[in-house]
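# Structural overview
Listed here are the chains, written in short residue letters.
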Amino acid sequence: MTDLLLLPGDGIGPEVTAQARRVAETVAPDLKIEERLFGGCSLAAYGTPLTDETLAAAKGARAVLMGAVDGTQWAGAPRDKRPEAGLLNLRAGMEVYANLRPALCFPALADASTLKRHLVEGLDLMIVRELTGGIYFGSPRFIEDLPGGGRRAVDTQVYTTAEIERVARVAFQLARGRRNLVHSAEKSNVMDSGLLWRQVVTDLHAREFPDVRLEHILADNAAMQIVRDPRQFDVLVTDNLFGDILSDAAAMLTGSLGMLPSAALGDAGRPGLYEPIHGSAPDIAGQGLANPLASILSLEMAFRWSLDRPETADRILAAVVRALDAGARTRDLGGSLTTVQMGDAVLAAL
Ligand code: IPM
Ligand code: MG
């Protein structure tokens with residue numbers, strides 16, 4: 001059985017994933033690692049961003065580490081052939097409904113944030129984004145021509161009780177191991193799906209998690225609070241679209257999008273999908289400028305959540321902290337190290 005399936009993908013994905021691979025081979029030489037094409041490079045080779053074989057390999061591995069997919073070259077392709085569709089199909093096919101996106105401010109980087117140091121120092125926020133439902137997957141969705149000219153586009157936001165409950169349960173469980181506080185963000189003031197979201201979270205809380213503090217917050221207010229006073233949050237659970245947006249904002253608090261890992265988890269015992277949240281960054285791809293830390297920290301999460309090696313995860317995290325403390329910086333962090341040199345710095349710290 002493959003322990004770790006690597007899907008480096010496109011853009012800077014292969015560069016950063018190669019550094020995570022070096023780290024994995026160093027801390028766990030016994031690990032069975034496999035690598036496959038995914039995203040735009042799979043589309044070019046096989047005519048589809050995600051082949052059936054690759055999806056089967058992902059479901060059969062213990063953990064999947066993805067790099068990034070790049071849609072810019074394929075902007076004109078039909079939606080179901082786009083690299084992004086491959087990513088959505090991978091998430092849905094693996095049934096990884098709970099996306100953990102931590103925003104952790106490393107002490108050495110407190111001045112790299114666009115917010116003032118006193119607002120972000122010590123920040124440890126966990127966004128739990130619903131990942132396999134909502135407007136990303138709802139039907140109907142289409143663009144149609146209108147008889148009098150012009151067109152009409154429809155997307156559908158849809159959530160069931162079960163979908164809300166399972167992701168909220170992950171958030172409450174996580175909070176118990178942290179500061180015991182969950183904020184649940186929706187737009188219950190204007191959306192029926194938001195109303196249901198609030199009711200289901202309230203009921204689940206009363207039934208299973210009365211010991212955890214729960215606050216409901218409107219998603220727009222959450223966006224404002226994230227940049228006003230991010231440390232008031234512990235765990236923030238929200239839907240697929242709001243989670244996409246709020247996690248980009250939260251990521252920037254930490255100094256660079258190049259620092260942020262993520263874990264997408266399904267039911268216990270199923271493989272997790274790990275990905276840096278930075279995307280393919282086509283403007284710097286192939287130049288050795290990308291920061292590999294988000295990928296290395298995604299690997300760290302894989303050791304913790306899927307590979308049952310928390311001590312190995314701790315070692316990786318400590319090495320990243322040591323490398324940063326020693327001044328290792330890629331360009332996004334105001335330094336001049338290349339992708340490989342940053343990998344070297346983490347390996348040296350190990
Ligand atoms: C993310 C990305 C993806 C998303 C894109 C690439 C489809 O922005 O993982 O946050 O919207 O989920
Ligand atoms: Mg996003």
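Our subject is the structure that appears above.
Residues numbered from 1 in each chain as written. Chains lettered and ligands numbered in written order. Predicted model: local features only at pLDDT ≥ 70, side-chain atom pairs only at ≥ 80, totals over all residues. Heavy atoms only, no water.

## A closer look at the overall build of the protein
For the protein, the count of helices and strands is 12 helices and 12 strands. For the protein, the C-alpha radius of gyration of 20 Å lies close to 20 Å, the compact-globule estimate for 350 residues. For the protein, the spread of C-alpha atoms along the principal axes amounts to about 55 × 50 × 40 Å. Looking at the 350 residues of the protein, the share that counts as buried comes to 54%. Excluding contacts between residues fewer than 6 apart, the proportion of contacts in the protein whose partners are at least 24 apart in sequence is 74%. Summing over all exposed atoms, the protein offers an accessible surface of approximately 14500 Å²; the carbon and sulfur share of this is 53%. Across the protein, the mean location of the 35 positive side-chain charges is 2 Å away from that of the 44 negative side-chain charges. (Helix = DSSP H or I, 4+ residues; strand = E, 2+ residues; numbered from the N terminus. Rg over C-alpha atoms; globule rule 2.2 N^0.38 Å. Buried < 20%, exposed > 50% of the residue type's maximum accessible area, 1.4 Å probe, protein only. Contact = heavy atoms within 4.5 Å. Areas by Shrake-Rupley, 256 points an atom, 1.4 Å probe, with all protein chains shown as cover. Lys, Arg positive; Asp, Glu negative; His and termini not counted. Charge placed at Lys NZ, Arg CZ, Asp CG, Glu CD.)

## Observations concerning the packing of aromatic side chains
Counted according to the given criterion, the structure contains 2 aromatic pairs. On the basis of an interplanar angle of 75° and a centroid distance of 5.4 Å, the ring pair of Tyr159 and Trp197 is categorised as edge-to-face. Residue Tyr159 is found in the loop between strand 7 (151–156) and helix 6 (161–176), and its partner Trp197 is found in helix 7 (residues 192–208); the two are separated by 38 residues along the sequence. In this structure, Tyr159 and Trp197 share a single accessibility class: buried. Between the aromatic rings of Phe172 and Phe209, the centroid separation amounts to 4.8 Å while the plane-to-plane angle is 20°, which identifies the pairing as stacked. With Phe172 in helix 6 and Phe209 in the loop between helix 7 and strand 9 (213–218), this residue pair connects regions lying 37 residues apart in the sequence. Of the residues examined, Phe172 reaches a relative accessible area of 1% and is grouped as buried. (Phe/Tyr/Trp six-rings, centres within 6.5 Å; stacked < 30°, edge-to-face > 60°.)

## Considerations on the site of ligand 1
Every residue near ligand 1 is listed here: Glu84, Arg91, Arg101, Arg129, Tyr136 and Asp244. Between Arg101 and ligand 1, the recorded distance is 2.8 Å, taken from a side-chain N or O atom to an oxygen atom. At 2.9 Å, a side-chain N or O of Asp244 approaches an oxygen atom of ligand 1. Taken together, the residues of the shell around ligand 1 break down into 1 nonpolar, no polar and 5 charged. (Near = heavy atom within 4 Å. Polar contact = N/O pair within 3.5 Å; in protein donor to acceptor, adjacent residues only side chain to side chain. Nonpolar A, V, L, I, M, F, W, Y, C, P; charged D, E, K, R; others polar.)

## Some words on helix 12 (residues 339–349)
Those residues of helix 12 that fall on the buried side of the exposure criterion are Thr339, Met342, Gly343, Ala345, Val346 and Ala349. End-on, the buried residues of helix 12 take up no more than an arc of 155°, which puts them together on one face. Contacts from the buried residues of helix 12 go to helix 1 (13–27), helix 10 (293–305) and helix 11 (310–325). (Arc of directions from axis to C-beta.)

## Brief notes about the nonpolar core
Residues Leu100 and Val128 are the most contacted members of the largest nonpolar core, which totals 81 residues. Ignoring anything within four residues of it in the chain, the contact list for Val128 reads Asn99, Leu100, Val167, Val170, Ala171, Leu174, Val235, Leu236, Val237 and Thr238. (Core = buried A, V, L, I, M, F, W, Y, C linked by side-chain atoms within 4.5 Å.)

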